[in-house]
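The residues making up each chain are set out below.
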Amino acid sequence: MSAESSPGWGVSIYNFFRSLKLAIVLILFITFTSIISTVIPQSRELEFYLGSYSRFTAWLIVTTGFDNFFRSFIFLAPSVLFFLNLSTCTFHRFKNRLVKKARKRFGPDILHIGLLVMIIGGVVTVAGREDGYSMLEVGESVNVPGGYVLTLENFEFLKYENGSPKDWISTVKVLKDEKVIHEAYPIEVNRPLKLGNVKLYQASYDVQSFILISDPDGNMYKISTDEWIPVGEDIYVLREVEQDKDDSSKSLAHFDHFKNHDFIDHLDFALLEYIDIYTIENMETTMATGLQMVIDPGYYPILIGLLLLTLGLFITYIQKINDGKL
Amino acid sequence: MMPTIAFILMGAAAVVQVIYLMRKTENTDPFSHFLLLGGAALLLATTIQRSIQINFVAVTNTFESLVFFSGVIALVLFAYRIQKKWKVYQFVLFGSTIVALILLAIASSPIAPNDIQPPIPALQSSWLVLHVTFAFIGEAFFTVAFISSIYYLVVKDEEKKLNADRIIYTSTAIGYPIYTAGALIFGAIWAEAAWGQFWSWDPKETWALITWLTYTAYLHMRFVKKYKGKVSAIVQIIAFLFTIFTFFGVNFLLSGLHSYG
């Protein structure tokens, strides 16, 4: 073969990356390694792997990166290759469709472009995502990036009749430069609040119990959940207040009673009852909401990628029906 | 009660199908698909009844998912049987009916309690409904492709192989976009709204991706001549086993965000 007829290295690399066989090999490799990753507990300490597997297996897991698979070389390297492969294939296919007088079948191209945009969005998310978390009680405020001030106006924990959770609703007021942006926005699971480039999600909640006790001299003490009242060798640990908002005399404070560090029993006290020398003067519960704040610069690229993927699938499907293949 | 009657109807369909299968005639039986349609109607009625009771589309636990999945398989089989474009073999009808029956049998077992429970907050989303229903509709077509792949591997006649290959391809080509939309696209959008991220590499998500990648590999393999036929049929079988593992295996063997369904 003459020197003129052999393809240059540039063409060889191009042909290598646009190869369908390469795509299949990479897909199967990523599939196979992903399967292995799901049976290995992820992101644990070295001691965990040493304790759970033989020394050699633990070494192999940690060295190959299977302990943190989706951030490891063994996942990222084939993913980068797949990205290059998919980009080259898409470019080649698209170019041929435009040049040749073949049927214009752009569905798979749009689908592939959607996948590429999604992968780019995923990389942007990994590189630039910021997460924050805030526990708020009613009346408390938090500053949100972008100059917003968010105040929790109300928090409700709704339950079904069987006691299972129905909804958590954090009603918030939002100000920016002392101007009201939202007077009362209910943040719920599946209903986040968007403020500029920040999204706030209903993530958790916490219940805090308090009691007020007085000693014979009239001194008052505030006891919170898991705090205790020492009386000689006895210790009374407050676990929870069960508050009856309609009739405070029916409210109960649940305690664990210990003597010399040994658990004795569970005790319930009502309002104005005595714990040895102490009198329960008041008891109440407060609820706090857990709001997650997310800044994700990859949000729109991923969303556009998903839309292109959907569009590509739909067009491909319609084209196949029109071609009589389905 | 309705799932039990559906099970009886579909069981009767399987009996009719197996009798015709043993007669070694080329023709498919004339009425088992009506029994399947009856079964599908009862299962979908069960979904509607439970939806009214919980005031939400009843696809939020394993029992409800199995009832829906089984009903859709029966419906897809009916559709395949009445269409005239492709020849559907008795073996494929029988095998797919057995899959639907197995799913219903699991639905009546202790691993899928049928208590009527209203959805927890994370599940109260239209995206969840689209996610689950589309994924199962796609998987119903994958079931037909799976049984056709087994048929492809056991049958000797070349024309039957060719026709089975066509059924495998068309079922996958119909199921793939529906599954992609449901399992991946709608699932990702729902996850973003509920937990603030499109993808979190939860075991169920990873296995849904593994399943999708395997079907993707199958569709691309058809462009490579040497992978056509036997190799693609084997990949199809593996892909369906992954589908089933994604549904059951992950729930019971691996922990994650999807432990409820």
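These numbers come from a predicted model, not from an experiment.

### Digging into the sheet that holds strand E4 (residues 165–176) of chain A
Whenever strands of a sheet pair, they do so through backbone hydrogen bonds, lying parallel or antiparallel.
Residues and elements named next belong to chain A.
So, step 1. If you walk across this open sheet you meet the 4 strands as E2-E3-E4-E5, and the pairing is antiparallel. The open sheet is flanked by strand E2 (141–144) and strand E5 (179–187), the only strands paired with a single partner. Neighbour to neighbour, the strand axes of the sheet diverge by 25 degrees on average, direction disregarded.
So, step 2. As paired strands, E4 and E5 are joined by 6 bridges and run antiparallel to one another. Bridge pairing in E5 places Thr171 opposite Pro186.

### A few points about the interface of chain A and chain B
So, step 1. Taken together, the contact pairs 34 residues of chain A with 35 residues of chain B.
So, step 2. Elements supplying a minimum of two residues to the side of chain A that touches chain B: helix H2 (20–39), E4, strand E7 (198–214), strand E14 (278–295) and helix H7 (299–322) of chain A.
So, step 3. Top contributing element to the side of chain A that touches chain B by residue count: H2(A), with 11 residues.
So, step 4. Looking at the side of chain A that touches chain B residue by residue, the classes come out as 21 nonpolar, 7 polar and 6 charged.

### Let's talk about the domain arrangement of chain B
Residues and elements named next belong to chain B.
So, step 1. Examined at the domain level, chain B breaks down into domain 1 (1–119) and domain 2 (123–261).
So, step 2. One C-alpha centre belongs to domain 1, the other to domain 2, and the line joining them spans 19 Å.
So, step 3. Counting residues at the interface gives 23 residues for domain 1, matched by 23 residues for domain 2.
So, step 4. Elements that contribute at least two residues to the side of domain 1 that touches domain 2 include exactly helix H3 (62–82) and helix H4 (90–107).
So, step 5. Sorting elements by how many residues they give to the side of domain 1 that touches domain 2 places H3 first, with 8 residues.
So, step 6. Classifying every residue of the side of domain 1 that touches domain 2 by side-chain character gives 16 nonpolar, 6 polar and 1 charged.

Each value, and the rule that gives it
- Position labels on residues start from 1 in each chain and follow its written sequence.
- For this description, chains carry letters from A and ligands carry numbers from 1, given in the order in which they are written.
- Only residues with pLDDT of at least 70 are given local features in this predicted model, and only at 80 or more are side-chain atom pairs given and counted; all residues enter the totals for whole chains, interfaces and linings.
- In short, DSSP must find at least two bridges between two strands for them to pair.
- Helix and strand labels come from DSSP, where a helix needs a run of H or I of at least four residues and a strand needs a run of E of at least two; each type is numbered from the N terminus.
- Here, axes are lines fitted to C-alpha atoms. For helices the fit covers the stretch in contact, and angles between N-to-C directions go from 0 to 180 degrees.
- Contacts are defined on C-beta atoms placed from the backbone: any two residues whose C-beta positions lie within 7 Å are in contact.
- Under the scheme applied here, ten amino acids are nonpolar (Ala, Val, Leu, Ile, Met, Phe, Trp, Tyr, Cys and Pro), four are charged (Asp, Glu, Lys and Arg), and all others, including Gly, are polar.
- Segment limits for the domains were obtained from an automatic or database-derived domain assignment.

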